[in-house]
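# Working through the structure, step by step
Residues per chain are reported as follows:
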Amino acid sequence: MILVCGLSAVAEDGTLPPYKDASLPVETRVEDLLSRMTLQEKIAQLNQYSLGSNDNVNNNGEQVKVLPPEIGSLLYTADDAVSRNAMQKRAMEETRLGIPILFGYDTVHGYRTIYPIPLAQGASWNPELAGEACRVAGAESYYAGIDWTFSPMVDVARDPRWGRVAEGYGEDPYLTSVFGAAAVRAYQGDDLSEPGNIAACLKHFVGYGASEAGRDYVYSEISRQSLWSTYLPPFEAGVKAGAATLMSSFNDISGIPGSANRYTMTEVLKRMWRHDGFVVADWHAVRQLVNQGMAPDDATAVEYAINAGLDMDMTDNLYMPHLEALVKSGRVSVERIDDAVRRILRVKFRLGLFEHPYTDIKPENERILLPESLDVAQRLAEETFVLLKNDAEVLPLKPGQKVALIGPMAKSRKDLLGSWHGRGREEDVVSIFDGLSEIVQELTYAFGCGFEGEDRSGFAEAVKAASEADVVVLCLGERYSWSGENASRSTIALPRIQEELLMAVRKAGKPVVVLLSNGRPIDLSRISPAADAVLEIWQPGVMAGPAVASVLTGKTNPSGRLNVTFPYTTGQIPIYYCQRNPAREGSQGRYQDIPSTPMYEFGYGLSYTSYEYGPLSVSSDTFTVNDTVTATVTVTNTGDMDGKETVQWYICDPYSTITRPVKELKHFEKKMIPAGESRTFEFEIDPMRDLSYVDWKGDRILEPGDYYIIVKGRKVRLTLE
Ligand code: BGC
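Predicted model, so just to flag it, every value in this text is computed and none were measured. (Residues numbered from 1 in each chain as written. Predicted model: local features only at pLDDT ≥ 70, side-chain atom pairs only at ≥ 80, totals over all residues. Heavy atoms only, no water.)

### Notes on the overall build of the protein chain
Secondary structure summary: the protein chain contains 20 helices and 28 strands in total. Whereas a compact globule of 721 residues would reach a radius of gyration of roughly 27 Å, the protein chain reaches 26 Å, a difference of no more than 12%. With the C-alpha coordinates of the protein chain rotated into their principal frame, the extents come out at 85 × 65 × 50 Å. By residue count, 62% of the 721 residues in the protein chain fall in the buried class. In the form shown here, the protein chain has an accessible surface area of approximately 26,600 Å², with 49% of it arising from carbon and sulfur atoms. (Helix = DSSP H or I, 4+ residues; strand = E, 2+ residues; numbered from the N terminus. Rg over C-alpha atoms; globule rule 2.2 N^0.38 Å. Buried < 20%, exposed > 50% of the residue type's maximum accessible area, 1.4 Å probe, protein only. Areas by Shrake-Rupley, 256 points an atom, 1.4 Å probe, with all protein chains shown as cover.)

Here it is as structure tokens:
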């Protein structure tokens, strides 16, 4: 395609065209610019190429050396803004209309200051703190030349074999919605054009978490009912929070792939939810419509994708060569092209790119790994840790205890970064060993064994270290590459050798604290009974070591709660808390060979202190659709250590025309409760928002009858009259 370059949009009398006038409303500027664009210029806006080397092994994108400056977007993987500015200069100065390029990147859980993986963030039940991390991540990205992050991932995921469970906020639609919306608001701020703010991208639209058997890129079987009640809510919440963009998903949704799905992208997103930003394809998702058996060739794939509502093609370079012919032959309308271009231009105007196309170049020490950013990283990591077991109060470690630190994770750095760690570097990470060495006087170390394999030669040294210590901290878990994209596993158990190391070490007769770092729920059916304490630390990012040291020694009281069920074994998958009632009661329908209940359930987590819940009261036990009911509970910290408690509010609708889960999380709040003190927690119940359900068309339904509000085993009935 030949583009007309070098001509100016400036009128002969020297006045600026309306689209360059920042005082005009965005819509006026969009329409003015659109009216000046040729078909080729419009089509160019619908493409994303890449610049810099994309080191995601799944996306071996070629280094594009000669890029058309009229391009809509670039996936930008350089470390600073220098090449962005050079490329942007071409867009601004060498093209007829001077439309700035939008630079996108996967800042998923930090850019250089790497935070806990999103799955861990969800376990903090502290969306404000996770938002602080996103703000830092956004600012670090911004000053590296990035306008747009492909985050947050709000795919509800209930199959921990799927590696991408690490990238989302867990199994629950509500908790995922709250964290997703918090991330959107944090990245984007109140005004997208302010320095440090970047556009968010909700991904992967939609249902990617339902990938069959936890394999990646495969078919997903999703009924319209599940689509509406499980997979769409976090996207709707993110759209309401103002997300500028969405990314279409790879998965085939019951026969119509996400990237060619007119129902989800056009009917739901653009018509019902009135989203006016754009949808970008996932990486090569347009070409993959051929692999998926939908489009016989590339041109047809482009036709299906754009007509379904997919506005921008990510890196597979298919819109550029095919769209013009498709428009000329009438297979794609000019109206659809215009609609897609409008959406992309809108985001560029809102970002202020026409006024500030270039990034200020700042030295690294002014933009990455700043002390305040590391502070957020440590506080967030500490709040994500979930204490799963603590027999005989073996934790916190007691002053003066001799500690043996053992296991493959003890000195690892890279594995603590997790997958999709942006520009994070191994050398930025404080290891568990280094973190503990700062605090524990008498610390010995033994390697024990690798993450996998058959080499048991380190066992003897590990057992010796254990027998000479007062307590063992055994660091087990998963390598960073065992979760994330294209990282499915057939079993969620750790490799046998790690379990064997535990069995060997415990023979020393000393209390054993197992520290687990992983990107998915793990089968703990053998590990947990053999350990005295188990602390889940997920993949905590750069401040792993200090965060672990603080929690192990009791400087910080663990306050994480599971946001994903830990199955007893892989055979229980899928298992999640908000299942529906079975047809038969009692013991029927259970597994014969393993328990039917999970190892650790959603919402579970221990503390170094104890909390006592008072009675649950409601402002009224009957209500009408327009009433608000307030539920209240008082929680007392009855132990002798300050702690943060999260009150989890569930509802239950025991009988409804379309059956509902046994309980559904609808609200949560985390508060610090000093030792000996009490705090009151409230849930303002808006019946339509909190008690209704959604049907397979997306309509909200509130049926008369009884509902229950549930908090920590307490239950009160509310009746809709
Ligand atoms: C992933 C996306 C990511 C994109 C760009 C894809 O392979 O599925 O989550 O945003 O690559 O790197």
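### Quick word on the sheet that holds strand E27 (residues 705–711)
Remark on secondary structure: sheet strands pair via backbone hydrogen bonds, oriented parallel or antiparallel. Pairing is mixed across the open sheet formed by five strands, whose spatial order is E20-E28-E27-E22-E23. Each edge of the open sheet carries a strand with a single partner, namely strand E20 (622–623) and strand E23 (664–673). Two strands pair when backbone bridges link them, and strand E22 (residues 643–652) and E23 are joined in this way by nine bridges, in the antiparallel orientation. Note that in E23 the partner of Thr646 across the bridge is Lys670. (Pairing = 2+ DSSP bridges.)

### Describing the sheet that holds strand E3 (residues 102–105)
Here we have five strands laid out as an open sheet, ordered E4-E3-E2-E1-E11, and parallel in their pairing. Two strands close off the open sheet at either side, each with one partner strand: strand E4 (148–149) and strand E11 (313–314). In this sheet, strand E2 (residues 73–76) lies alongside strand E1 (residues 47–51) in parallel orientation, the contact comprising four bridges. In the strand pairing of E2, Ser50 is matched with Leu75.

### A short note on helix H14 (residues 371–384)
Helix length check: H14, at 14 residues, gives a terminal C-alpha distance of 20 Å against a target of 20 Å (1.5 Å per residue), a fit within 8%. Residues of H14 that are buried: Ser373, Val376, Ala377, Gln378, Leu380, Ala381, Glu382, Glu383 and Thr384. (Expected span 1.5 Å × (residues − 1).)

### A closer look at the packing of aromatic side chains
Inspection of every chain in the model, using the stated rule, returns 26 aromatic pairs. Ring plane angle 75° and centroid distance 5.0 Å describe the contact between Trp148 and Phe150, whose orientation is recorded as edge-to-face. Across the pair, Phe150 and Trp148 agree in class, each one buried. Measuring from centroid to centroid gives 4.0 Å for Phe349 and Phe354, while their planes differ by 10°, and the two rings are stacked. The buried category is assigned to Phe354, whose relative accessible area is 11%. Across the ring face of Tyr650, the terminal group of Lys663 is positioned such that the distance to the ring centre comes to 4.0 Å. (Phe/Tyr/Trp six-rings, centres within 6.5 Å; stacked < 30°, edge-to-face > 60°. Lys NZ or Arg CZ within 6 Å of the ring centre and 35° of its normal.)

### With respect to the pattern of salt bridges
Going through the model one piece at a time under the given rule, you end up with 49 salt bridges. Across the pair Asp79 and Arg425 runs a salt bridge whose closest N-O atoms are separated by 3.5 Å. Placement of Asp79 in the loop between E2 and helix H3 (82–93) and of Arg425 in the loop between strand E13 (403–406) and helix H15 (432–437) is noted, with a sequence separation of 346 residues between them. Under the relative-accessibility criterion, Asp79 is labelled partly exposed at 31%. For Arg425, a relative accessible area of 27% puts it in the partly exposed group. One salt bridge connects Glu499 with Arg526, and the closest N-O pair in it is separated by 2.6 Å. Here Arg526 lies in the loop between strand E16 (512–517) and helix H18 (527–530) and Glu499 lies in helix H17 (residues 496–506), a separation of 27 residues in the sequence. By relative accessible area, Glu499 is classed as buried at 3%. Connected through salt bridges with shared partners, the residues Lys270, Asp311, Arg336, Asp339 and Arg343 form a single ionic network. (Salt bridge = Lys/Arg side-chain N within 4 Å of Asp/Glu carboxyl O.)

### Focus on the packing of helix H5 (residues 127–143) against helix H6 (residues 173–188)
Contact geometry for H5 and H6: axes closest at 8 Å, N-to-C directions at 35°. Our pair here, H5 against H6, has a crossing hand that is right-handed. Taking contact as the criterion, the partners of Pro127, Ala130, Gly131, Cys134, Arg135, Ala137 and Gly138 in H5 are, on H6, Val178, Phe179, Ala182, Ala183, Ala186 and Tyr187. Classifying every residue of the contact of H5 with H6 gives 10 nonpolar, two polar and one charged. (Axes fitted to C-alpha atoms, helices over the stretch in contact; angles between N-to-C directions. Left-handed = near helix turned anticlockwise from the far one by under 90°. Contact = heavy atoms within 4.5 Å. Nonpolar A, V, L, I, M, F, W, Y, C, P; charged D, E, K, R; others polar.)

### Examining the pairing of strand E17 (residues 533–536)
Look at any regular strand and the pattern is simple: side chains alternate between the two faces of the sheet. Neither face of E17 is left uncovered, since the one carrying Ala533 and Leu535 and the one carrying Val534 and Glu536 both have all their residues buried. Bridging between strand E12 (residues 386–390) and E17 involves four bridges; their strand directions are antiparallel. From the neighbouring strand, Val386 faces E17, where its bridge partner is Glu536. Pairing between E16 and E17: four bridges, direction parallel. Pairing of Leu516 across the sheet is with Glu536, part of E17.

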